[in-house]
Amino acid sequence: MNIIPSVNLKDFTSGDPKRKQQFVNAIGKAYEDIGFVALKGHFLDDKLVDNLYGEVKNFFALPLETKRKYEIEGIAGQRGYISFGKESAKGKKEGDLKEFWHFGQYVENNPKLEAEYPRNVQVTELPAFNKAGKETYRMLEKTAKYVLRALALHLELEETYFDKFIQNGNSILRPIHYPPIIDEPKDAVRAAAHGDINLITLLMGAQGRGLQVQNHAGEWLDAIAEPDELMINVGDMLSRHTNNKLKSTIHRVINPPRELWGTSRYSMPFFMHPVSDMKLDVLDSCIDENNPKQFEDITAGEFLTERLIELGLIKK
């Protein structure tokens, strides 16, 4: 496949069984073929998106010493600020050319998970930053729930199969700032080639060239969203759970051409994670004589810890 398919979530939520099934078929095929779709009809409105971008730009424009107040030791970067070059892709020594922030789950009616997850970090200089982050988190989480319902039907599961696992799940909203490039990068890019850890990722800010997706032939394709679209891809957890029926696709963010080095880029992925005790054991329906079980049994929490160690965010 050489293009990223576009689908509209309003087909799934329309109440029309035919449109709903067409959406299920289209997103299922896309995730089996390339692991990415561009999604219209999500639950974000333009005002919320504009507010968040404004607040994110305000935050990253703060002095470094102010931002560093919000870099919290001992929580593996799960909340708050993560400074430039701290994260690297699996297998890469060079740090990515980015700084970012993490909003985490706003737990409801679950004291166990309230104790398990780090608290969200409040930026006292920018109270509207905190508010816009929480509202965006909720709308992306709602969008992800319906995408996973469609995928459950594609996998011949109950439509609400994933609901119990993502309620109060360990999901992350990550506003990213790729600063202007000042010096010739040696081996570093804005985000090196990688697969995501989680179930699915919803990406705001994929307008303009930068994000690239690797197809099964090993070719890199530009993934450019329309202004009203989110890019949504399969993560390693979902790929593992489906015995690689749904593909977790390698992707990267390349450096801009030299004439655009002086510009910043902003993007905001929402990493949809389940609760830590979800079993990622391969679904029986995804195993047959032509597709034997490829992965050992593991929980989402165990898998996440393994990957955070590989990324350098947890030190052994």
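Rules of the game
- Residues numbered from 1 in each chain as written.
- Predicted model: local features only at pLDDT ≥ 70, side-chain atom pairs only at ≥ 80, totals over all residues.
- Heavy atoms only, no water.
- UniProt positions renumbered as here; feature names shortened; annotations may be inferred.
- Helix = DSSP H or I, 4+ residues; strand = E, 2+ residues; numbered from the N terminus.
- Buried < 20%, exposed > 50% of the residue type's maximum accessible area, 1.4 Å probe, protein only.
- Contact = heavy atoms within 4.5 Å.
- Axes fitted to C-alpha atoms, helices over the stretch in contact; angles between N-to-C directions.
- Parallel < 35°, antiparallel > 145°, perpendicular 65-115°, else oblique.
- Left-handed = near helix turned anticlockwise from the far one by under 90°.
- Nonpolar A, V, L, I, M, F, W, Y, C, P; charged D, E, K, R; others polar.
- Core = buried A, V, L, I, M, F, W, Y, C linked by side-chain atoms within 4.5 Å.
- Phe/Tyr/Trp six-rings, centres within 6.5 Å; stacked < 30°, edge-to-face > 60°.
- Salt bridge = Lys/Arg side-chain N within 4 Å of Asp/Glu carboxyl O.
- Pairing = 2+ DSSP bridges.

As recorded by an unreviewed UniProt entry, the protein carries the name Isopenicillin N synthase family oxygenase and is attributed to Bizionia argentinensis JUB59. UniProt annotates the protein under Sequence similarities (unreviewed entry) with the comment "Belongs to the iron/ascorbate-dependent oxidoreductase family."

## Describing the overall build of the protein
In terms of regular secondary structure, the protein is built from nine helices and 13 strands. Within the span of the protein, comprising 316 residues, buried residues form 55% of the whole. Look at the contacts in the protein between residues 6 or more apart in sequence, and 78% of them connect residues 24 or more apart.

## A word on the packing of helix α3 (residues 46-60) against helix α6 (residues 127-154)
Between α3 and α6, whose axes approach to 9 Å, the crossing angle comes to 135 degrees. Overall, the two elements α3 and α6 adopt an arrangement that is oblique. For the pair α3 and α6, the crossing hand works out as left-handed. Within the contact between the two elements, α3 uses Leu48, Asn51, Leu52, Glu55, Val56 and Phe59 and α6 uses Ala128, Phe129, Ala132, Gly133, Glu135, Thr136 and Met139. Here the residues of the contact of α3 with α6 are counted per class, giving eight nonpolar, three polar and two charged.

## Focus on the side chain of Thr242
Here Thr242 is to be found in the loop between α8 (236-241) and β12 (251-253). In contact with Thr242, not counting residues within four places along its chain, are Leu155, Leu283 and Cys286.

## Digging into unusual backbone geometry
The phi dihedral of Asn109 is positive, around 55 degrees, even though this residue is not glycine. By the element assignment, Asn109 lies in the loop between β4 (99-102) and α5 (111-116). Of the residues examined, Asn109 reaches a relative accessible area of 79% and is grouped as exposed. One non-glycine residue, Asn244, adopts positive backbone phi at about 70 degrees. Along the chain, Asn244 turns up in the loop between α8 and β12.

## Some details on the nonpolar core
Counting 70 residues, the largest nonpolar core has Phe59, Trp101 and Ile200 as its most contacted members. Residue contributions to this core peak at ten residues, all from α6. Here Trp101 is in contact with Phe59, Phe60, Tyr70, Gly80, Tyr81, Val121, Val123, Phe129, Leu173, Arg174 and Pro175, once residues within four sequence places are set aside.

## Overview of the packing of aromatic side chains
This structure, assessed with the given rule, holds 14 aromatic pairs. With centroids separated by 5.6 Å and ring planes inclined at 45 degrees, the aromatic side chains of Phe43 and Tyr146 adopt a geometry described as tilted. Within this pair, whereas Phe43 is found in the loop between β2 (36-40) and α3, its partner Tyr146 is found in helix α6, the two being separated by 103 residues in sequence. With relative accessibility at 26%, the residue Phe43 sits in the partly exposed group.

## Overview of the pattern of salt bridges
Under the criterion given, the structure shown has 17 salt bridges. A salt bridge links Glu141 to Arg138, with the shortest nitrogen-to-oxygen separation between them at 3.2 Å. You can see Glu141 and its partner Arg138 sitting in helix α6, three residues apart, about one turn around the helix. One salt bridge in this structure joins Arg307 and Asp236, with 2.3 Å as the shortest N-O distance. With Arg307 in helix α9 (residues 300-310) and Asp236 in helix α8, this pair connects stretches of sequence that are 71 residues apart. If you follow the salt bridges from partner to partner, you end up with Lys40, Asp228 and Glu229 in one network.

## Topic: the packing of helix α2 (residues 17-33) against α6
Contact pair α2 / α6: the axes reach a minimum separation of 9 Å and the direction vectors enclose 85 degrees. Considering the angle they form, α2 stands roughly perpendicular to α6. Here Lys20, Phe23, Val24, Ile27, Gly28, Lys29, Tyr31 and Glu32 of α2 come into contact with α6, specifically with Val147, Ala150, Leu151, Leu153 and His154. Within the contact of α2 with α6, the residues separate by chemical class into eight nonpolar, two polar and three charged.

## Some details on the pairing of strand β9 (residues 211-214)
Here β9 runs beside β12; their pairing, made up of three bridges, is antiparallel. Within β12, the residue paired with Val213 across the bridge is His251.

## Comments concerning the environment of Gln294
Position of Gln294 relative to the elements: it lies in the loop between β13 (265-272) and α9. Take Gln294: its relative accessible area is 47%, and that puts it in the partly exposed class. Separated by 53 residues in sequence, Gln294 and His241 place their C-alpha atoms 9.9 Å apart. Ignoring any residue separated from it by four or fewer positions in sequence, one finds Gln294 in contact with Asn243 and Asn244.

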